[in-house]
Amino acid sequence: MTVNQQHKNDWLVFGKKLPSLFFGLAVYALAVLLMRDAGLGMNPWGVFHMGVSNHTPLSLGQVTQLTGLVIIGLSLVVKMVPGFASICNMIFIGMFVDFIDSLGILKTPETLIGQILMLMAGIFLTGWASFFYLRPRLGAGPRDSLMEGLVRKTNKPVWMIRGIIEVSALTVGFLLGGPVGVGTLITATTIGFSVQFAFKMGRYDAKGKHIDFLQLYKGLRGGSASKETAYSK
């Protein structure tokens, strides 16, 4: 295979990964709205986003985008280069959230059982959304990148750094009037299992490496990274 043919093949493989990425982001946005409209309380970041939205003219999707941008900036400070999917996560989940929200198709159920089922549907879809957007290995979400960078920077365990980030988001969101309730506890204790289930069913190895934006750029330019990065496999 010539260099030019390899270059074209790399672009083709990259292009084939995009449907999975964007499908995952769209499903993630739907999951966020299902958990919000269940009316039982959201996960820590959802509480934060809603709290900020309550005190600004920004929509839920716009707050999600702005928060992602700030977190990516903080990640760069701790020397974590975002991936292509990290940037897409920041931009498109918020866009999909506002678009789906504008359709007015989701309503809070009138019964407690209905609310619980709606919340569980959001949790279930979060797992599969994570699978589809992570499967291309083009980068994790901004929040996960920040967590990884802080773990490396501080040499503290993942559970401690993740806990500090989540509790901080929850506390600020609660003080801003974000939706805290029994659903907050349920999501905090079950989303991890939902993600793990989707990964197992989809045979996704969470220990596999992702490539960052610079590696992808070099590879698609036909640079030496082309043979080493995940998108060319």
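Note that the structure is predicted; figures quoted are calculated from it, not measured. (Residues numbered from 1 in each chain as written. Predicted model: local features only at pLDDT ≥ 70, side-chain atom pairs only at ≥ 80, totals over all residues. Heavy atoms only, no water.)

1. Brief notes about the layout of surface pockets
As a volume, the second largest pocket reaches approximately 170 Å³. Taken together, W45, F48, T67, V70, I71, L74, L146, L150, I164, I165, S168 and A169 make up the full set of residues lining the second largest pocket. Counting only elements with at least two residues in the lining of the second largest pocket, the list comes to α2 (44-54), α3 (60-77), α6 (142-154) and α7 (158-175). Here the residues of the lining of the second largest pocket sort into ten nonpolar, two polar and no charged. (1 Å grid on protein atoms, 1.4 Å probe; cavity = no way out; pocket = protein on both sides within 12 Å on 5 of 7 lines; lining within 4 Å. Points joined across faces, edges and corners; volume = space filled by probe spheres on them. Helix = DSSP H or I, 4+ residues; strand = E, 2+ residues; numbered from the N terminus. Nonpolar A, V, L, I, M, F, W, Y, C, P; charged D, E, K, R; others polar.)

2. Some words on the environment of I100
Inspection of the secondary structure puts I100 in helix α4 (residues 84-103). Judged by relative accessible area, which is 14%, I100 ranks as buried. Between the alpha carbons of I100 and F124 there is a distance of 18 Å; along the sequence they are 24 residues apart. Each residue touching I100, except ones within four places of it in the same chain, is listed here: A26, A29, L30, L33 and I105. (Buried < 20%, exposed > 50% of the residue type's maximum accessible area, 1.4 Å probe, protein only. Contact = heavy atoms within 4.5 Å.)

3. Here's the deal with the nonpolar core
Ranked by internal contacts, the top residues of the largest apolar core, which has 36 residues, are L21, F84, V97, L138 and L216. Every element with two or more residues in this core is listed here: α1 (3-37), α2, α4, α5 (112-134), α8 (182-201) and α9 (213-220). The element contributing the most residues to this core is α1, with eight residues. (Core = buried A, V, L, I, M, F, W, Y, C linked by side-chain atoms within 4.5 Å.)

4. A closer look at unusual backbone geometry
Phi angles above zero are rare outside glycine, and R137 is one such case at about 60 degrees. As for its placement among the helices and strands, R137 is situated in the loop between α5 and α6. Here the phi dihedral of N155 falls at roughly 65 degrees; this positive angle occurs in a residue that is not glycine. Mapped onto the elements, N155 comes out in the loop between α6 and α7.

5. Side note on a nonpolar patch on the surface
On the surface, L76, V81, F213, L214 and Y217 cluster together into a nonpolar patch covering about 470 Å² of accessible area. Of the residues forming the nonpolar patch, the biggest block, three residues, is contributed by α9. In this structure, V81 sits in the loop between α3 and α4. (Patch = residues over 30% accessible without salt bridge, like charges linked within 9 Å, V, L, I, M, F, W, Y side chains within 5 Å. Areas by Shrake-Rupley, 256 points an atom, 1.4 Å probe, with all protein chains shown as cover. Salt bridge = Lys/Arg side-chain N within 4 Å of Asp/Glu carboxyl O.)

6. Digging into the confidence of the model for the chain
When pLDDT is averaged along the chain, the result is 86; 91% of the residues meet or exceed 70. Considering only residues more than four positions removed or in separate chains, one finds that residues 224-233, a stretch of pLDDT under 50, has 27 contacts. (pLDDT = per-residue confidence, 0-100.)

7. Let's talk about the pattern of salt bridges
Inspection of every chain in the model, using the stated rule, returns two salt bridges. In this structure, the salt-bridge partner of D37 is R36, at a minimum N-O distance of 2.8 Å. As far as the burial class goes, D37 and R36 line up, both buried. For D101, the salt bridge is made with R36, and the minimal N-O distance between the two is 2.8 Å. Taken together, the residues span a long stretch of sequence, with D101 in helix α4 and R36 in helix α1 at a distance of 65 residues. Judged by its relative accessible area of 31%, D101 falls in the partly exposed class. Overlapping salt bridges bring together R36, D37 and D101 as one network.

8. Observations regarding the environment of V47
When you line up the elements, V47 lands in helix α2. For V47, a relative accessible area of 0% corresponds to the buried category. It is 9.7 Å that separates the C-alpha atoms of V47 and L175, two residues lying 128 residues apart in sequence. Once residues lying within four places of it in the same chain are set aside, the contact partners of V47 are M42, L170, G173, F174, G178, P179, V180 and T184.

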